[in-house]
Amino acid sequence: MRDFNQTTITEAVLDRFAATPDPRLREIMQSLTRHLHDFARDVQLTIPEWERAVGFLTRTGQMCDDKRQEFILLSDTLGLSMLIDAINHPTEEGATQTTVLGPFYVDNPPVRPDGADISGGEAGEPMWIDGQVTDAAGTPLAGSTVDVWQSDDDGYYDVQKPGAEADLRARFVTDAEGRFRLWSILPSAYPIPDDGPVGDMLKATGRHPWRPAHVHFMIAAEGFQTLVTHLFIDGDTYLDSDAVFGVKDSLIVAPVRQPAGEGPGGRRLDADWYRLDHRFGLSKPR
Ligand code: BEZ
Ligand code: FE
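Cut-offs applied
Residues numbered from 1 in each chain as written. Chains lettered and ligands numbered in written order. Predicted model: local features only at pLDDT ≥ 70, side-chain atom pairs only at ≥ 80, totals over all residues. Heavy atoms only, no water. Buried < 20%, exposed > 50% of the residue type's maximum accessible area, 1.4 Å probe, protein only. Helix = DSSP H or I, 4+ residues; strand = E, 2+ residues; numbered from the N terminus. Contact = heavy atoms within 4.5 Å. Salt bridge = Lys/Arg side-chain N within 4 Å of Asp/Glu carboxyl O. Domains from an automatic or database assignment. 1 Å grid on protein atoms, 1.4 Å probe; cavity = no way out; pocket = protein on both sides within 12 Å on 5 of 7 lines; lining within 4 Å. Points joined across faces, edges and corners; volume = space filled by probe spheres on them. Nonpolar A, V, L, I, M, F, W, Y, C, P; charged D, E, K, R; others polar. Donors = N, O, S within 2.8 Å, 3.2 Å for Na, K, Ca; no water. Tetrahedral: all angles 85-135°; square planar, octahedral: opposite > 155°, others 65-115°. Near = heavy atom within 4 Å. Polar contact = N/O pair within 3.5 Å; in protein donor to acceptor, adjacent residues only side chain to side chain. Areas by Shrake-Rupley, 256 points an atom, 1.4 Å probe, with all protein chains shown as cover. Sits in = over half its atoms within 2 Å of the grid points. Pairing = 2+ DSSP bridges. Axes fitted to C-alpha atoms, helices over the stretch in contact; angles between N-to-C directions. Arc of directions from axis to C-beta.

A.B. asks: It is not clear to me how helix α1 (residues 8-16) should be interpreted in this structure. Could you clarify?
C.D. replies: Restricting attention to buried positions, one finds in α1 the residues Thr10, Ala12 and Leu14. Packed against the buried residues of α1 are α2 (23-43).

Spelled out as structure tokens, the structure:
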């Protein structure tokens, strides 16, 4: 076949993939071809626009290294990460809903004892988290690992600060009742890294880069799906316009303000502090 036109080119490419030995790869490549060609026809893509897109994707790749993953950020800001999350994590009664992992997770964070303060002396309003990990029916899961990470009061993660120690991140192991407890600080809203091509895309389209205040959790227990989620703080300005579309109603929590005085673990607090109690439900593998 030759002399392809706007329509026959699609059939020719589909045909070229028809002998792909792996049926799943065949399905993906043929569907990608259909959607990509339909998209170009739909917007009648011009050559300068195609060149600009190639330049954008090239810069996106060039921005990636072992600390920065601009392609995942692109996926996040296009809503693709949350679409894939929705496809792969259907809501299950009693199980906590999932959301994006984000770029600031670090494997094997330092294990801290029950009740530890992970704030590393960072400024901020103290928050006590009293969590429980259970299965979807509410049965406690002892010995689960709970990785927690969040930004500081200025909206930065430890990994964004040159030379910083592991700060506002830790791993806890749940006790016989599936519980874990820690001191941290109230998180604040922050902008996603917007000094690269994804930031240029947000600016060009009139979008802001902000995420509402949240604490990240990754919870793993033998025989269950690992839960990747956040808890978002109620009342945040950006709950309805999260730059990465990660907010779910069931993940919005309202830490309760407590008066100064003695807090959990015998800690003396000179100012008001916050308490957050939350149960996390894990799903069985599908
Ligand atoms: C985060 O919450 O850490 C995050 C998630 C997606 C993109 C950028 C940051
Ligand atoms: Fe985050």
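From this point, things continue past the structure.
A.B. asks: Looking at this model, I keep getting lost on the pattern of salt bridges. Mind explaining?
C.D. replies: Side chains bearing opposite charge may pair, as long as their charged atoms lie close to each other. This structure, assessed with the given rule, holds 19 salt bridges. A salt bridge links Arg179 to Asp130; its shortest N-O distance comes to 2.5 Å. Here the residue Arg179 occupies a position in strand β4 (residues 179-185), and Asp130 occupies one in strand β1 (residues 126-135), the gap between them amounting to 49 residues. In this structure, the salt-bridge partner of Arg257 is Asp272, at a minimum N-O distance of 3.1 Å. On the criterion of sequence distance, the pair formed by Arg257 in strand β10 (residues 256-258) and Asp272 in the loop between β12 (268-269) and β13 (273-282) is long-range, its members being 15 residues apart. Owing to a relative accessible area of 48%, Arg257 belongs among the partly exposed residues under this scheme. When salt bridges with common partners are traced through the structure, they connect Asp130, Glu177, Arg179, Arg275 and Asp277 into a single cluster.

A.B. asks: Looking at this structure, how should I read the domain arrangement of the chain?
C.D. replies: By a widespread convention, an interface's size corresponds to the accessible area lost as its parts come together. Taken domain by domain, the chain comprises domain 1 (9-45) and domain 2 (75-282). Just the C-alpha atoms count here: the centres of domain 1 and domain 2 sit 39 Å apart.

A.B. asks: I keep staring at empty space enclosed by the protein and nothing clicks. Help me out?
C.D. replies: Over the atoms a probe the size of a water molecule is rolled, and this reveals where empty space is left. Tallying each qualifying case throughout the model produces 1 cavity of 30 Å³ or more. As a volume, the largest cavity reaches approximately 90 Å³. In terms of lining residues, the largest cavity is bounded by Leu73, Asp76, Val100, Gly102, Pro103, Phe104, Tyr190, Ile192, Pro193, Arg211, His216 and Val244. For the lining of the largest cavity, the per-class residue count stands at 8 nonpolar, 2 polar and 2 charged.

A.B. asks: Could you clarify how one ought to interpret the coordination of the iron ion (ligand 2) in this entry?
C.D. replies: Ideal geometry at a metal centre gives angles of 109.5 degrees when four donors are arranged tetrahedrally and 90 or 180 degrees when six donors are arranged octahedrally. The protein atoms donating to the iron ion (ligand 2) are Tyr157 (OH), Tyr190 (OH), His214 (NE2) and His216 (NE2), with metal-donor distances spanning 1.9 to 2.1 Å. Seen from the iron ion (ligand 2), its 6 donor atoms lie at angles of 54 to 165°, and the figure they make is irregular. Considered as a linear motif, the donors of the iron ion (ligand 2) on their single chain read Y-x32-Y-x23-H-x1-H. Within this pair, whereas Tyr190 is found in strand β5 (residues 190-191), its partner His216 is found in strand β7 (residues 214-220), the two being separated by 26 residues in sequence.

A.B. asks: For this particular structure, what's the right way to read the site of ligand 1?
C.D. replies: For ligand 1, the full set of nearby residues is Leu73, Asp76, Gly102, Pro103, Phe104, Tyr157, Tyr190, Ile192, Arg211, His214, His216 and Val244. Tyr157 is positioned such that a nitrogen or oxygen atom in its side chain is 3.5 Å from an oxygen atom of ligand 1. Within the side chain of His216, one N or O atom sits 3.0 Å away from an oxygen atom of ligand 1. Alone, ligand 1 offers 260 Å² of accessible surface; in the complex the protein occludes 100% of this. The site holding ligand 1 turns out to be the largest cavity. Those elements that provide at least two residues to the shell around ligand 1 are α4 (70-77) and β7. Its residues placed into classes, the shell around ligand 1 shows 7 nonpolar, 3 polar and 2 charged.

A.B. asks: Would you take a moment to explain the sheet that holds β10 for this structure?
C.D. replies: The sheet built from 4 strands is open, its strands ordered β4-β1-β13-β10 with mixed pairing. Across the chains shown, the open sheet's two edge strands, defined by having one partner strand only, are β4 and β10. Adjacent strand axes in the sheet meet at a mean angle of 25° when their direction is disregarded. Bridging between β1 and β4 involves 7 bridges; their strand directions are antiparallel. Residue pairing in the sheet places Asp130 in a bridge with Arg181 of β4.

A.B. asks: Hey, could you run me through helix α5 (residues 80-88) in this one?
C.D. replies: Three- or four-residue spacings in an α-helix give side chains the same orientation, since the helix completes a turn every 3.6 residues. Every buried residue of α5 is accounted for by Ser81, Met82 and Asp85. Axial view of α5: buried residues confined to an arc of 95°, hence all on one face. On its buried face, α5 sits against α4.

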